[in-house]
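Close look at the chain arrangement
Next come the chains, spelled out residue by residue.
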Amino acid sequence: MGVGNFVIGVVGKPSAGKSSFLNSATDAVAKVGNYPFTTIKPNHGITYYQIDCPCKKYHKEEFCQPKYGKCVDGARFLPIEMLDVAGLVPGASEGEGLGNQFLDDLRGADVLIHVVDVSGTTDQNGKVTTGYDPINDIDWLHSEIHNWVYNNLKKKWVGIVRRHKALKCNAVETLTNQLCGYGTNAKLVGRFMDKLGLKEPLENWDDETLHKVVEAFLDERFPTIVALNKIDLPESGKNIEKICRKYGEERVVLTSALAECFLRKLDKQKFIKYYEGTEFFDLAEDQVDPSPEEKLKTLDDKTRNRLEKVQDMVLFRYGNTGVVECIRKAVKCLNVIPVFPVKNVNNFSSGRFGTKAVFSDCLLVPGGTTVREFARIIHPELDKYYQYAETIGNIRLGEDDLITYDNNIICIKTSQVIQKKNDDKKKDNNNNNDSNNSKDKNKNNDNE
Ligand SMILES: Nc1nc2c(ncn2[C@@H]2O[C@H](COP(=O)(O)OP(=O)(O)OP(=O)(O)O)[C@@H](O)[C@H]2O)c(=O)[nH]1
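Figured I'd write up the structure that's included with this text. Computed from a prediction, not measured in an experiment: that's the story for all the values here.

1. Looking at helix α8 (residues 186–196)
- Considered for burial, the residues of α8 that qualify are L188, V189, G190, F192 and M193.
- The elements touched by buried residues of α8 are α7 (171–179) and α9 (207–221).
- Positive phi appears at G197, one or two residues downstream of α8, with a value of about 60°.

2. Here's the deal with the layout of surface pockets
- As a volume, the largest pocket reaches approximately 1,300 Å³.
- Around the largest pocket, the lining comprises 45 residues; the ones closest to its centre are D219, E220, P223, R251 and C333.
- Class assignment for the residues of the lining of the largest pocket results in 21 nonpolar, 10 polar and 14 charged.
- Both domains that furnish three or more residues to the lining of the largest pocket are identified here as domain 1 (7–227) and domain 2 (345–416).

3. Looking at the pattern of salt bridges
- With the rule as written, the count across this model stands at 17 salt bridges.
- In this structure, K246 engages D139 in a salt bridge whose closest nitrogen and oxygen atoms are separated by 3.4 Å. Here the residue K246 occupies a position in helix α10 (residues 236–247), and D139 occupies one in helix α5 (residues 135–155), the gap between them amounting to 107 residues.
- Looking at K246, the relative accessible area reads 49%, which means it is partly exposed.
- The partner of D207 in a salt bridge is K154, with the nearest N and O atoms 2.7 Å apart. With D207 in helix α9 and K154 in helix α5, the pair connects residues that are 53 residues apart, well separated along the chain.
- Of the residues examined, K154 reaches a relative accessible area of 36% and is grouped as partly exposed.
- Through salt bridges that share partners, R372, R376, D383 and E399 make up one connected network.

4. A closer look at the packing of α7 against α8
- With their axes 9 Å apart at the nearest point, α7 and α8 run at an angle of 125° to one another. Between α7 and α8, the angle is such that the two are oblique. The chirality of how α7 crosses α8 is right-handed. Contacts between α7 and α8 involve A171, V172, L175, T176 and L179 from the first element and A186, V189, G190, F192 and M193 from the second.
- Of the residues contributing to the contact of α7 with α8, the split by class is 8 nonpolar, 2 polar and no charged.

5. Here we look at the packing of aromatic side chains
- In total, this model carries 7 aromatic pairs according to the counting rule given.
- Taking 4.7 Å as the distance between ring centres and 40° as the angle between the ring planes, the aromatic pair formed by Y58 and F348 counts as tilted. Taken together, the residues Y58 in the loop between α3 (54–57) and β3 (70–72) and F348 in the loop between β10 (336–341) and β11 (363–366) connect sequence positions 290 residues apart.
- Exposure remark for F348: the relative accessible area of 5% places this residue in the buried category.

6. Focus: the sheet that holds strand β13 (residues 395–397)
- Spatially, β11-β10-β14-β12-β13 is the arrangement adopted by the 5 strands of the open sheet, whose pairing is mixed. With partners counted over all chains shown, the strands left at the sheet margins are β11 and β13, one partner each. Ignoring which end each strand starts from, the neighbouring axes of this sheet average 45° apart.
- One ladder, built from 3 bridges, connects strand β12 (residues 386–391) with β13; its direction is antiparallel. Across the sheet, T391 pairs through a bridge with I395, a residue of β13.

Conventions and cut-offs
- Residues numbered from 1 in each chain as written.
- Predicted model: local features only at pLDDT ≥ 70, side-chain atom pairs only at ≥ 80, totals over all residues.
- Heavy atoms only, no water.
- Buried < 20%, exposed > 50% of the residue type's maximum accessible area, 1.4 Å probe, protein only.
- Helix = DSSP H or I, 4+ residues; strand = E, 2+ residues; numbered from the N terminus.
- Contact = heavy atoms within 4.5 Å.
- 1 Å grid on protein atoms, 1.4 Å probe; cavity = no way out; pocket = protein on both sides within 12 Å on 5 of 7 lines; lining within 4 Å.
- Points joined across faces, edges and corners; volume = space filled by probe spheres on them.
- Nonpolar A, V, L, I, M, F, W, Y, C, P; charged D, E, K, R; others polar.
- Domains from an automatic or database assignment.
- Salt bridge = Lys/Arg side-chain N within 4 Å of Asp/Glu carboxyl O.
- Axes fitted to C-alpha atoms, helices over the stretch in contact; angles between N-to-C directions.
- Parallel < 35°, antiparallel > 145°, perpendicular 65-115°, else oblique.
- Left-handed = near helix turned anticlockwise from the far one by under 90°.
- Phe/Tyr/Trp six-rings, centres within 6.5 Å; stacked < 30°, edge-to-face > 60°.
- Pairing = 2+ DSSP bridges.

Below, the structure written as structure tokens:
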């Protein structure tokens, strides 16, 4: 998990609607513009995570200039990478289909969105059928990932235990060593082991315990949001109810990727103004005196009928298409905090010379990041010059204070900046002295 560089992996069986989901969530790129990722691989896209921008709270909307993403009336869109994890077939952990390539791709993801065809009109291989139970897909994906990790550990378990005893390691050290290949660190291992609260020493773990450890690891390392897709189909209703009853609503989102693609396409073509993540859109007839850039085109009858159907089957019934909600829930699973580094906590300036830009930067950092760690992230080369940090109201923050939503507008003061200020002051003084001197000189000249 990189700072400010989190990756959402999209997984699902063939024909579940993965590509449609990705297209619907990432087509905003052209509209939104730039992002901080220099190379985007073919199976990657950029999506946007919506948060409340502090510019609204502090009435600075007109000066808000995000370096990446955008801010619209106080809604901030932060760019996040999305990865299409293709090639999932039953038996992938045993090498079926693209096998380990699919599982290797998973390592690049911090959180997963599992797109499930909730209509039950495609079987586990994505072939058209009727009455298929989508619960199978949820369980099946989970067990593929579980088996992948479990089999890898089990194969080497005797050696792992031998080394563990010989080096007198604790369980967290040994597991960190074994799980680091999945993009895992000691902090994460410590967290899931704490939650698990195992009493038996590692050398006594039986298969059942090892399964429990793997399960706890996956919960922490690959939190998963289930997107129950194709809610617009009439067959979906009864399956939705059943799945929500079994898995709870916390990690389940109802989606229609197709409806979201359609709405965003109409928006792009200027037939509607679509308010992403809501049930609302404007038509040409709703507009009063629009500017030429905002003016919408009139819909033909066929498209209007289709739009009404989307309204009926998705927007009125479920409140929205679920795609934006899915991204929001996925990022929430990561337990990250948006932080706004500023040059000045009174005017929120970003320090770009000659502009009044505020809140230009925003970084997502993992929960538990301290002020000093954050300083290191934004000024790695200035770390040795760190002096102090302050937040709104010029309140000083301790180096070990955790970053929270209450102190996430931060100014880091470094002695180099202070040194520069002193240099500038000296320069000013010298200039003043020079001009005083020249004034004196002039005076002298006058006298002369
Ligand atoms: N009714 C309906 N159909 C959908 C929805 N999302 C996707 N589809 C359709 O489902 C079919 C498969 O969608 P894809 O997005 O290609 O699915 P995929 O999971 O990427 O499939 P593969 O490329 O085979 O892995 C297409 O015909 C889509 O139009 C949806 O929300 N509602």
